[in-house]
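Chain residues, written in single-letter form:
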Amino acid sequence: MSNLTVTRRHGPWTAPTATEPVDATLRLPGSKSLTARALVLSAVADGPSTLRRPLRARDTELMAGGLRAMGAHVSVVDDERWLLRPRPLQGPAHVDVGLSGTVMRFVPPIAGLAEGPVTVDGDPQARVRPLGPLVGALRAIGVRVDAAPGGGLPLTVWGTGRVTGGEVTIDASASSQFVSGLLLGAARFEHGIVVRHEGPPVPSAPHLRMTVQMLRAAGAAVDDSVPNVWTVEPGRLSGHAWDIEPDLSSAVPFFAAALVTGGSVTLRGWPRSSLQPVDTLRTLLQRMGGQLTLGTDGLTVRGTGVIHGLDADLSEVSEFTPVLAALAALGDAPSRLRGVAHIRGHETDRLTALARELAALGADVTESADGLEIRPRPLRGGTFGTYADHRMAHAAAVLGLAVPDIRLDDVSCTSKTMPEFPALWSTMVAGGGHR
């Protein structure tokens, strides 16, 4: 349904094939979503903040770099503990978003609080990612923004040191990040903000709940009691000691390995109460034949080696789609993954990319407007295009557990959220996954 360009940056990487059930206990890096929100909230707080066990990866380093460019003091010397001291935001500054939707949507609202111009740009593919609704909303609350003709990157925010704020209506059906971006800086706006969504349902609702809960933890008064309306009162935010949970999205391919091989994978350091959609993941994996439990050792998934077909609306957990599609291609019955039209605007058009690459390996895939129908067939090895998309690489690695000779054209794209992914994955498959 879309024209795609495969981006190749490095030579191919052959995904290791499992010869026995995996049995691994892992400690994965911190959540990208939590790290990004903690950085932004810390930059507009009144006092210093710390981030314990944050994610160090391309996206979060770009976020830290963008805040630093606008004047915040961000120390990332210690991998286990980042320190942020807020300072008055200022321009001129340039923010490189790379291919990160989080950075490109979280930075412009707080750039309005800077004194001076802030330019925002990124990788070529970032220029086609949806941004127009956020630009329109910023203009509606008093921020001067010059954007590209299509309403996206590159753009310049002409900050004046203050944002009026107030009420704004937005269609956030393409990304919940439009709403989160507006909310995160809103306590510093003169009149706070009231965001009303009008349009198809907002995807990735758990990420919005995460934004609201973290705002409250920093001292903001937030009302989300009315569906599709979010209110942040003007006020002061406190510095905070943020404990960053392990990244659930990055754990999904490792958990999938338990299902594919009939093994067991435990993610250490998982909290009893999580800001991430662990209950939804538990339900999905159980329906596909796995078992997820939370114990003293961490979050554990066990598989039987048999993967069941799945018919599910993934609109709230769309980041799981590529790995679940890989599992579906290895399943014992057809699957239908739906409700994820918005992932066409992610790092690549993930639906078209998945349909193309799975079909090239022999899968029977039908692409719909908002999802995929996958009918399992015997798969063969081949080169799997990753499209500079870390989630596509994760899907290919999962397939490679059961299908020999699957070659990823560029595994380095995993550095976006987990630079150590290739080594950690290979070690797990080889039987050395305890750490």
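Relevant structure appears above.
Let us look at the structure shown here.

### As for unusual backbone geometry
Note on backbone geometry: most residues besides glycine have negative phi, and most peptide bonds are trans.
Then, in step 1: In the segment running from G91 into P92, the intervening peptide bond is cis, with an omega of 5 degrees.
Then, in step 2: The residue P92 is located in the loop between β5 (81-85) and β6 (93-96) in this model.
Then, in step 3: At N228, a position not held by glycine, the phi torsion is positive, near 65 degrees.
Then, in step 4: Tracing the backbone through its elements, the reader meets N228 in the loop between β12 (222-223) and β13 (229-232).

### Comments concerning the sheet that holds strand β19 (residues 335-338)
Strand pairing in a sheet relies on backbone hydrogen bonds, with the paired strands running either antiparallel or parallel.
Then, in step 1: Across the sheet, four strands lie side by side as β18-β19-β21-β20; this open sheet has mixed pairing. Each end of this open sheet is capped by a strand with a single partner; those strands are β18 (311-313) and β20 (364-367). Pairs of neighbouring strands in the sheet enclose a mean axial angle of 10 degrees, with direction left out of account.
Then, in step 2: Strand direction decides the pairing type here: β20 and strand β21 (residues 372-375), joined by four bridges, are antiparallel. Among the inter-strand pairings, V365 is bridged to a residue of β21, identified as I374.
Then, in step 3: Where helix α10 (residues 350-360) meets the sheet, its contacts fall on β20 and β21, and the angle it forms with β20 comes to roughly 160 degrees.

### Focus: the packing of helix α5 (residues 177-184) against helix α6 (residues 205-217)
Then, in step 1: The interhelical angle for the contact between α5 and α6, taken along N-to-C directions, is 10 degrees, at an axis separation of 9 Å. Considering their axes alone, α5 and α6 lie roughly parallel with respect to each other. In contact with V179, S180, L183 and L184 of α5, α6 contributes H207, L208, T211 and L215.
Then, in step 2: Tallied by class, the residues present in the contact of α5 with α6 amount to five nonpolar, three polar and no charged.

### A word on helix α9 (residues 321-329)
Then, in step 1: The buried fraction of α9 is high, at nine of nine residues.
Then, in step 2: Residues T321, P322, V323, L324, A325, A326, L327, A328 and A329 constitute the buried set of α9.
Then, in step 3: On its buried face, α9 sits against α7 (248-261), α8 (278-287), β19, α10, β21 and α11 (390-402).

### Digging into the pattern of salt bridges
Then, in step 1: Tallying each qualifying case throughout the model produces 22 salt bridges.
Then, in step 2: E61 is paired through a salt bridge with R56; the nearest N and O atoms lie 2.8 Å apart.
Then, in step 3: On the basis of relative accessible area, E61 is assigned to the partly exposed category, the value being 37%.
Then, in step 4: A salt bridge links E167 to R196, with the nearest nitrogen and oxygen atoms 2.9 Å apart. With E167 in strand β10 (residues 166-170) and R196 in strand β11 (residues 193-197), this pair connects stretches of sequence that are 29 residues apart.
Then, in step 5: Residue E167 is classed as exposed on the basis of its relative accessible area of 55%.
Then, in step 6: Judged by its relative accessible area of 32%, R196 falls in the partly exposed class.
Then, in step 7: Sharing partners across several salt bridges, the network here consists of K32, D59 and K416.

### Focus: empty space enclosed by the protein
Then, in step 1: Going through the model one piece at a time under the given rule, you end up with one cavity of 30 Å³ or more.
Then, in step 2: Its boundaries defined by the atoms lining it, the largest cavity holds a volume of some 430 Å³.
Then, in step 3: In terms of lining, the largest cavity is formed by 32 residues, of which the most central are K32, Q177, H207, E319 and H346.
Then, in step 4: Counting residues per element, the ones that place at least two in the lining of the largest cavity are α1 (32-43), α3 (101-111), α6, α7 and α11.
Then, in step 5: Here the residues of the lining of the largest cavity are counted per class, giving five nonpolar, 16 polar and eleven charged.

### A few points about helix α12 (residues 421-430)
Then, in step 1: Those residues of α12 not exposed but buried are F421, P422, L424, W425, M428 and V429. Buried residues in α12, looked at end-on, bunch into an arc of 170 degrees, giving them a common side. α12 presents A423 and A430 as exposed residues on the side facing more than 90 degrees away from its buried surface.
Then, in step 2: Of the surrounding secondary structure, the elements contacted by the buried residues of α12 are β1 (13-14), β2 (23-26), α7, β15 (264-267) and α11.
Then, in step 3: Where α12 ends, the next residue or the one after it, G431, has phi of about 100 degrees, a positive value.

### A few points about the nonpolar core
Generally speaking, a soluble globular protein has its nonpolar side chains buried in company with each other.
Then, in step 1: One finds L67 and I193 to be the most contacted residues of the largest nonpolar core, which totals 76 residues.
Then, in step 2: Ranked by the residues each element gives to this core, the list is headed by α1, at seven residues.
Then, in step 3: Among all residues touching L67, those that are not within four sequence positions of it are L39, V40, A43, A72, V74, L84 and I110.
Then, in step 4: Judged by nonpolar contacts, the second largest core, of 75 residues, contains L324, A329, A363 and A395.

About the cut-offs
- Residues numbered from 1 in each chain as written.
- Predicted model: local features only at pLDDT ≥ 70, side-chain atom pairs only at ≥ 80, totals over all residues.
- Heavy atoms only, no water.
- Helix = DSSP H or I, 4+ residues; strand = E, 2+ residues; numbered from the N terminus.
- Pairing = 2+ DSSP bridges.
- Axes fitted to C-alpha atoms, helices over the stretch in contact; angles between N-to-C directions.
- Contact = heavy atoms within 4.5 Å.
- Parallel < 35°, antiparallel > 145°, perpendicular 65-115°, else oblique.
- Nonpolar A, V, L, I, M, F, W, Y, C, P; charged D, E, K, R; others polar.
- Buried < 20%, exposed > 50% of the residue type's maximum accessible area, 1.4 Å probe, protein only.
- Salt bridge = Lys/Arg side-chain N within 4 Å of Asp/Glu carboxyl O.
- 1 Å grid on protein atoms, 1.4 Å probe; cavity = no way out; pocket = protein on both sides within 12 Å on 5 of 7 lines; lining within 4 Å.
- Points joined across faces, edges and corners; volume = space filled by probe spheres on them.
- Arc of directions from axis to C-beta.
- Core = buried A, V, L, I, M, F, W, Y, C linked by side-chain atoms within 4.5 Å.

So, to be careful, I would describe these as geometric facts and stop short of saying anything about function.
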